[in-house]
Amino acid sequence: MLPVLLAPSLLSANFANLQQDVLRCENSGAEVLHIDVMDGHFVPNITIGPLVVNALRPVSKMIFDCHLMIENPDKYVPDFAKAGADWISVHVEASRHLHRSIALIKEVGCKAGIVLNPITPLSYAYSAAEYCDFILLMSVNPGFGGQAFIQSFLQRASELRNWLDSHGLNHVNIQVDGGIKIDNAAEAVKAGANILVSGSGVFSGNLEENIKSLRASALQAREIIV
Ligand code: DX5
Ligand code: ZN
(Lines give C-alpha, C1' and ligand atoms only; values in the text may rest on other atoms or scores of the structure.)
(Ligands and ions follow the chains in the order given, each with its own letter.)
Protein backbone atom coordinates (compact mmCIF):
# COMPACT_ATOMS: atom_id res chain seq x y z
CA MET A 1 0.00 0.00 0.00
CA LEU A 2 1.29 3.48 -0.86
CA PRO A 3 2.33 5.62 2.11
CA VAL A 4 0.15 8.49 3.25
CA LEU A 5 1.96 11.78 2.69
CA LEU A 6 0.90 15.15 4.08
CA ALA A 7 1.35 18.18 1.84
CA PRO A 8 0.65 21.56 3.46
CA SER A 9 -0.19 24.13 0.81
CA LEU A 10 2.04 27.20 0.85
CA LEU A 11 -0.90 29.26 -0.44
CA SER A 12 -2.26 29.56 3.09
CA ALA A 13 1.10 30.38 4.69
CA ASN A 14 2.16 33.81 5.88
CA PHE A 15 3.69 35.34 2.75
CA ALA A 16 5.57 37.85 4.86
CA ASN A 17 7.45 34.98 6.50
CA LEU A 18 7.42 31.93 4.29
CA GLN A 19 10.63 30.52 5.69
CA GLN A 20 9.21 30.28 9.19
CA ASP A 21 6.02 28.56 8.03
CA VAL A 22 7.90 26.11 5.81
CA LEU A 23 10.13 25.14 8.73
CA ARG A 24 7.15 24.69 11.03
CA CYS A 25 5.58 22.32 8.50
CA GLU A 26 8.78 20.35 8.15
CA ASN A 27 9.39 20.16 11.89
CA SER A 28 5.84 18.90 12.38
CA GLY A 29 6.56 15.96 10.12
CA ALA A 30 4.98 17.00 6.81
CA GLU A 31 6.74 15.21 3.96
CA VAL A 32 5.68 17.39 1.03
CA LEU A 33 5.38 21.15 0.47
CA HIS A 34 2.59 21.86 -2.00
CA ILE A 35 3.33 24.99 -4.03
CA ASP A 36 0.40 26.49 -5.95
CA VAL A 37 1.51 28.26 -9.10
CA MET A 38 -1.22 30.45 -10.65
CA ASP A 39 -0.91 32.70 -13.68
CA GLY A 40 -4.09 34.81 -13.74
CA HIS A 41 -5.13 33.09 -17.00
CA PHE A 42 -5.83 29.42 -16.34
CA VAL A 43 -7.16 30.48 -12.95
CA PRO A 44 -8.17 33.98 -11.82
CA ASN A 45 -5.45 34.33 -9.19
CA ILE A 46 -1.70 35.05 -9.46
CA THR A 47 0.70 33.52 -6.94
CA ILE A 48 4.17 32.05 -6.93
CA GLY A 49 6.89 31.70 -9.57
CA PRO A 50 10.22 29.87 -9.77
CA LEU A 51 12.06 32.67 -7.91
CA VAL A 52 10.18 31.89 -4.71
CA VAL A 53 10.71 28.15 -5.14
CA ASN A 54 14.41 28.81 -5.61
CA ALA A 55 14.58 31.02 -2.53
CA LEU A 56 12.88 28.38 -0.36
CA ARG A 57 14.90 25.43 -1.67
CA PRO A 58 17.85 25.80 0.74
CA VAL A 59 15.44 26.24 3.66
CA SER A 60 13.87 22.79 3.54
CA LYS A 61 14.40 19.14 2.65
CA MET A 62 10.69 18.51 2.10
CA ILE A 63 9.57 17.31 -1.30
CA PHE A 64 8.70 20.42 -3.32
CA ASP A 65 5.50 19.72 -5.21
CA CYS A 66 4.74 22.40 -7.80
CA HIS A 67 1.10 22.39 -8.89
CA LEU A 68 1.07 24.39 -12.11
CA MET A 69 -2.29 26.09 -12.64
CA ILE A 70 -1.02 27.92 -15.69
CA GLU A 71 -1.56 28.05 -19.43
CA ASN A 72 1.21 26.64 -21.56
CA PRO A 73 2.84 24.76 -18.68
CA ASP A 74 5.61 23.24 -20.82
CA LYS A 75 7.18 26.66 -21.16
CA TYR A 76 7.84 26.85 -17.42
CA VAL A 77 8.50 23.23 -16.43
CA PRO A 78 12.31 23.54 -16.86
CA ASP A 79 12.35 26.74 -14.78
CA PHE A 80 10.56 25.09 -11.88
CA ALA A 81 12.86 22.07 -12.07
CA LYS A 82 15.91 24.33 -12.02
CA ALA A 83 14.45 26.22 -9.07
CA GLY A 84 14.27 23.01 -7.05
CA ALA A 85 10.93 21.33 -7.70
CA ASP A 86 10.87 17.57 -7.02
CA TRP A 87 7.39 16.94 -8.34
CA ILE A 88 5.60 18.91 -11.04
CA SER A 89 1.96 18.53 -12.02
CA VAL A 90 0.12 20.00 -14.98
CA HIS A 91 -3.62 20.32 -15.57
CA VAL A 92 -5.02 18.15 -18.32
CA GLU A 93 -7.24 21.13 -19.20
CA ALA A 94 -4.17 23.33 -19.78
CA SER A 95 -1.74 21.04 -21.59
CA ARG A 96 -2.39 20.60 -25.31
CA HIS A 97 0.06 17.73 -25.59
CA LEU A 98 -0.19 15.94 -22.29
CA HIS A 99 2.13 13.07 -23.18
CA ARG A 100 4.79 15.61 -24.13
CA SER A 101 4.29 17.58 -20.90
CA ILE A 102 4.72 14.43 -18.79
CA ALA A 103 7.82 13.41 -20.74
CA LEU A 104 9.28 16.87 -20.27
CA ILE A 105 8.73 16.80 -16.51
CA LYS A 106 10.58 13.47 -16.33
CA GLU A 107 13.33 14.70 -18.65
CA VAL A 108 14.13 17.54 -16.26
CA GLY A 109 14.42 15.02 -13.41
CA CYS A 110 11.11 15.44 -11.59
CA LYS A 111 8.23 13.13 -10.72
CA ALA A 112 5.30 13.81 -12.99
CA GLY A 113 1.68 14.36 -12.08
CA ILE A 114 -1.46 15.27 -13.97
CA VAL A 115 -4.35 17.22 -12.49
CA LEU A 116 -8.06 16.94 -13.19
CA ASN A 117 -10.60 19.60 -12.26
CA PRO A 118 -13.62 18.37 -10.30
CA ILE A 119 -15.77 17.42 -13.27
CA THR A 120 -13.16 16.66 -15.90
CA PRO A 121 -13.86 13.08 -17.05
CA LEU A 122 -11.72 10.40 -15.42
CA SER A 123 -10.99 9.01 -18.88
CA TYR A 124 -8.15 11.56 -19.11
CA ALA A 125 -6.58 9.95 -16.07
CA TYR A 126 -7.04 6.46 -17.50
CA SER A 127 -5.30 7.37 -20.76
CA ALA A 128 -2.35 9.05 -19.06
CA ALA A 129 -1.98 6.96 -15.89
CA GLU A 130 0.74 4.63 -17.12
CA TYR A 131 3.05 7.63 -17.65
CA CYS A 132 2.33 9.31 -14.31
CA ASP A 133 3.82 9.11 -10.84
CA PHE A 134 0.71 10.68 -9.36
CA ILE A 135 -2.73 11.87 -10.32
CA LEU A 136 -4.21 14.88 -8.58
CA LEU A 137 -7.99 14.97 -8.42
CA MET A 138 -9.11 18.47 -7.48
CA SER A 139 -11.73 18.59 -4.77
CA VAL A 140 -12.37 22.32 -5.33
CA ASN A 141 -12.22 24.49 -8.43
CA PRO A 142 -8.60 25.65 -8.61
CA GLY A 143 -7.70 29.25 -7.91
CA PHE A 144 -8.19 29.90 -4.22
CA GLY A 145 -7.58 28.41 -0.82
CA GLY A 146 -10.30 28.00 1.79
CA GLN A 147 -13.08 26.63 -0.45
CA ALA A 148 -15.51 23.87 0.49
CA PHE A 149 -14.67 20.25 -0.36
CA ILE A 150 -16.68 18.93 -3.34
CA GLN A 151 -18.12 15.57 -2.23
CA SER A 152 -18.05 13.92 -5.66
CA PHE A 153 -14.29 13.64 -5.17
CA LEU A 154 -14.89 10.56 -3.02
CA GLN A 155 -16.63 8.58 -5.74
CA ARG A 156 -14.08 9.71 -8.34
CA ALA A 157 -11.12 8.75 -6.18
CA SER A 158 -12.47 5.31 -5.44
CA GLU A 159 -13.21 4.68 -9.13
CA LEU A 160 -9.73 5.82 -10.05
CA ARG A 161 -8.03 3.78 -7.30
CA ASN A 162 -9.89 0.64 -8.37
CA TRP A 163 -9.09 1.26 -12.02
CA LEU A 164 -5.38 1.79 -11.27
CA ASP A 165 -5.16 -1.31 -9.10
CA SER A 166 -6.93 -3.47 -11.63
CA HIS A 167 -4.61 -2.28 -14.42
CA GLY A 168 -1.31 -3.06 -12.72
CA LEU A 169 -0.77 0.58 -11.74
CA ASN A 170 -0.92 0.29 -7.98
CA HIS A 171 2.28 2.35 -7.73
CA VAL A 172 0.49 5.46 -9.05
CA ASN A 173 -0.39 7.83 -6.21
CA ILE A 174 -3.67 9.71 -5.90
CA GLN A 175 -3.42 13.24 -4.55
CA VAL A 176 -6.37 15.23 -3.21
CA ASP A 177 -6.35 19.03 -3.17
CA GLY A 178 -8.99 21.37 -1.83
CA GLY A 179 -11.04 21.61 1.35
CA ILE A 180 -9.18 18.86 3.20
CA LYS A 181 -9.58 19.25 6.95
CA ILE A 182 -9.31 17.03 9.98
CA ASP A 183 -12.97 15.99 9.63
CA ASN A 184 -12.75 14.71 6.04
CA ALA A 185 -9.14 13.54 5.71
CA ALA A 186 -10.07 9.99 6.72
CA GLU A 187 -12.84 9.79 4.11
CA ALA A 188 -10.45 10.97 1.39
CA VAL A 189 -7.93 8.29 2.37
CA LYS A 190 -10.62 5.60 2.50
CA ALA A 191 -11.68 6.62 -0.99
CA GLY A 192 -8.13 6.02 -2.22
CA ALA A 193 -6.16 9.25 -1.86
CA ASN A 194 -2.72 8.86 -0.30
CA ILE A 195 -1.24 12.35 -0.77
CA LEU A 196 -3.26 14.92 1.15
CA VAL A 197 -2.89 18.59 0.30
CA SER A 198 -4.25 20.95 2.91
CA GLY A 199 -3.95 24.74 3.05
CA SER A 200 -6.44 26.36 5.39
CA GLY A 201 -6.79 23.02 7.22
CA VAL A 202 -3.13 23.26 8.23
CA PHE A 203 -2.61 26.98 8.62
CA SER A 204 -5.81 28.02 10.46
CA GLY A 205 -5.32 27.68 14.18
CA ASN A 206 -2.46 25.62 15.55
CA LEU A 207 -0.34 24.34 12.66
CA GLU A 208 1.51 21.71 14.67
CA GLU A 209 -1.72 20.32 16.15
CA ASN A 210 -3.42 20.37 12.74
CA ILE A 211 -0.66 18.36 11.10
CA LYS A 212 -0.70 15.87 13.95
CA SER A 213 -4.47 15.44 13.77
CA LEU A 214 -4.50 15.16 9.98
CA ARG A 215 -1.90 12.42 10.18
CA ALA A 216 -3.82 10.62 12.93
CA SER A 217 -7.11 10.60 10.97
CA ALA A 218 -5.38 9.51 7.79
CA LEU A 219 -3.65 6.64 9.54
CA GLN A 220 -6.81 5.63 11.37
CA ALA A 221 -8.53 5.35 7.99
CA ARG A 222 -5.73 3.09 6.86
CA GLU A 223 -6.13 0.77 9.85
CA ILE A 224 -9.81 0.35 9.01
CA ILE A 225 -8.95 -0.61 5.41
CA VAL A 226 -6.26 -3.11 6.53
C1 DX5 B 1 -6.47 25.61 -4.97
C2 DX5 B 1 -5.11 25.08 -4.64
C3 DX5 B 1 -5.01 24.40 -3.34
C4 DX5 B 1 -5.30 25.26 -2.13
C5 DX5 B 1 -5.96 24.35 -1.13
O6 DX5 B 1 -6.43 26.08 -6.27
O7 DX5 B 1 -4.70 24.17 -5.64
O8 DX5 B 1 -3.75 23.76 -3.19
O9 DX5 B 1 -4.18 25.84 -1.54
O10 DX5 B 1 -6.37 25.12 -0.07
P11 DX5 B 1 -7.42 24.57 0.98
O12 DX5 B 1 -6.85 23.36 1.60
O13 DX5 B 1 -7.59 25.72 1.90
O14 DX5 B 1 -8.69 24.26 0.21
ZN1 ZN C 1 -2.88 22.99 -5.27
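A brief report on the enclosed structure follows. Residue numbers restart at each chain and count upward from 1, following the sequence in its written direction. Chains and ligands are labelled sequentially in the order written, the chains with letters from A and the ligands with numbers from 1. Two thresholds apply to this predicted model, a pLDDT of at least 70 for residue-level local features and 80 or more for giving and counting side-chain atom pairs, whereas whole-chain, interface and lining totals are computed over all residues. Computation of side-chain values covers all heavy atoms of the structure but excludes hydrogens and water.

### Section: the sheet that holds strand S7 (residues 173–177)
Stage number 1. Two strands pair if DSSP finds at least two bridges between them. Working definition: helices are DSSP H or I runs of at least four residues, strands are E runs of at least two. Numbering for both runs from the N terminus. Within the open sheet, the 8 strands sit side by side as S1-S8-S7-S6-S5-S4-S3-S2. Their pairing is parallel. Each end of this open sheet is capped by a strand with a single partner; those strands are strand S1 (5–8) and strand S2 (32–38). Going from strand to strand, the sheet's axes swing by 20 degrees on average, the running direction of each strand aside.
Stage number 2. As defined by bridge partners, S2 adjoins strand S3 (residues 63–69) across 7 bridges and the pair is classed as parallel. Structural elements are reduced to axes, namely lines fitted to C-alpha atoms, with helices fitted over the stretch in contact, and the angle between N-to-C directions of any two is expressed from 0 to 180 degrees.

### Concerning the coordination of the zinc ion (ligand 2)
Stage number 1. Any N, O or S atom lying within 2.8 Å of the metal counts as a donor, with the limit raised to 3.2 Å for Na, K and Ca; because water is left out of the atom set, some sites can appear incomplete. Protein coordination of the zinc ion (ligand 2) is provided by His34 (NE2), Asp36 (OD), His67 (ND1) and Asp177 (OD), with donor distances spanning 2.0 to 2.3 Å.
Stage number 2. Angle rules define the geometry names used: all angles between 85 and 135 degrees makes four donors tetrahedral, while opposite donors over 155 degrees apart and all other angles between 65 and 115 make four donors square planar and six octahedral, leaving every other case irregular. With 6 donor atoms in place around the zinc ion (ligand 2) and angles of 71 to 169 degrees between them, the coordination shape is octahedral.
Stage number 3. Note on exposure labels: buried denotes an accessible area under 20% of the residue type's maximum, exposed denotes more than 50%, and partly exposed covers the range between, all computed with a 1.4 Å probe on protein chains only. Owing to a relative accessible area of 9%, aspartate 177 belongs among the buried residues under this scheme.

### Here's the deal with the pattern of salt bridges
Two side chains with opposite charge may pair up if their charged atoms get near one another.
Stage number 1. Whenever a carboxyl oxygen of Asp or Glu lies within 4 Å of a side-chain nitrogen of Lys or Arg, that contact is scored as a salt bridge. By the definition in use, this model includes 6 salt bridges.
Stage number 2. Put simply, arginine 24 and glutamate 208 hold a salt bridge, and the shortest N to O gap is 2.9 Å. Taken together, the residues arginine 24 in helix H1 (residues 18–27) and glutamate 208 in helix H9 (residues 207–225) connect sequence positions 184 residues apart.
Stage number 3. Judged by its relative accessible area of 30%, arginine 24 is partly exposed.
Stage number 4. Note on glutamate 208: relative accessible area 33%, which makes it partly exposed.
Stage number 5. One salt bridge in this structure joins glutamate 209 and lysine 212, with 3.8 Å as the shortest N-O distance. With a gap of 3 residues between them, glutamate 209 and lysine 212 both fall in helix H9, about one helical turn apart.

### Things to note about helix H4 (residues 98–107)
Stage number 1. The complete set of buried residues in H4 reads Leu98, Ser101, Ile102, Leu104 and Ile105. Viewed along the axis of H4, the buried residues span an arc of 160 degrees, placing them on a single side of the element. Turned more than 90 degrees from where H4 packs its buried face, Arg100 and Glu107 sit exposed.
Stage number 2. Backbone geometry just after H4 places glycine 109 at a positive phi near 90 degrees. Directions drawn from the helix axis to the C-beta atoms are what define this arc.

### So, the site of ligand 1
Stage number 1. Taken together, 20 residues lie near ligand 1, and Asp36, Gly143, Asp177, Gly199 and Ser200 sit nearest.
Stage number 2. Separating an oxygen atom of ligand 1 from a backbone N or O atom of glycine 146 is a distance of 2.8 Å.
Stage number 3. Polar contacts, as counted here, are pairs of nitrogen or oxygen atoms within 3.5 Å of one another; within protein the pair requires one atom able to donate a hydrogen and one able to accept it, and residues that are adjacent in sequence qualify only if both atoms are side-chain atoms. Within the side chain of serine 200, one N or O atom sits 2.5 Å away from an oxygen atom of ligand 1.
Stage number 4. Note on areas: Shrake-Rupley with a 1.4 Å probe; residue coverage comes only from the protein chains shown. For ligand 1, whose free accessible area comes to 380 Å², the fraction covered by protein is 100%.
Stage number 5. In this structure the site holding ligand 1 corresponds to the largest cavity.
Stage number 6. When residues of the shell around ligand 1 are traced back to their parent elements, those giving at least two are S2, S3 and strand S8 (195–198).
Stage number 7. Put simply, Ala, Val, Leu, Ile, Met, Phe, Trp, Tyr, Cys and Pro go in the nonpolar bin, Asp, Glu, Lys and Arg in the charged bin, and everything else, Gly too, in the polar bin. Its residues assigned to classes, the shell around ligand 1 comprises 7 nonpolar, 11 polar and 2 charged. Note on definitions. A residue lies near a molecule or strand when any single heavy atom of the residue is within 4 Å of it. The definitions used throughout rest on a 1 Å grid laid over the protein atoms alone, on which a cavity is an enclosed set of points accommodating a 1.4 Å probe that cannot get out and a pocket is an open set flanked by protein within 12 Å on both sides along at least five of seven lines; lining residues are those having an atom within 4 Å of a point. Just a note on the criterion: a molecule sits in a pocket or cavity if more than half of its atoms are within 2 Å of the grid points.

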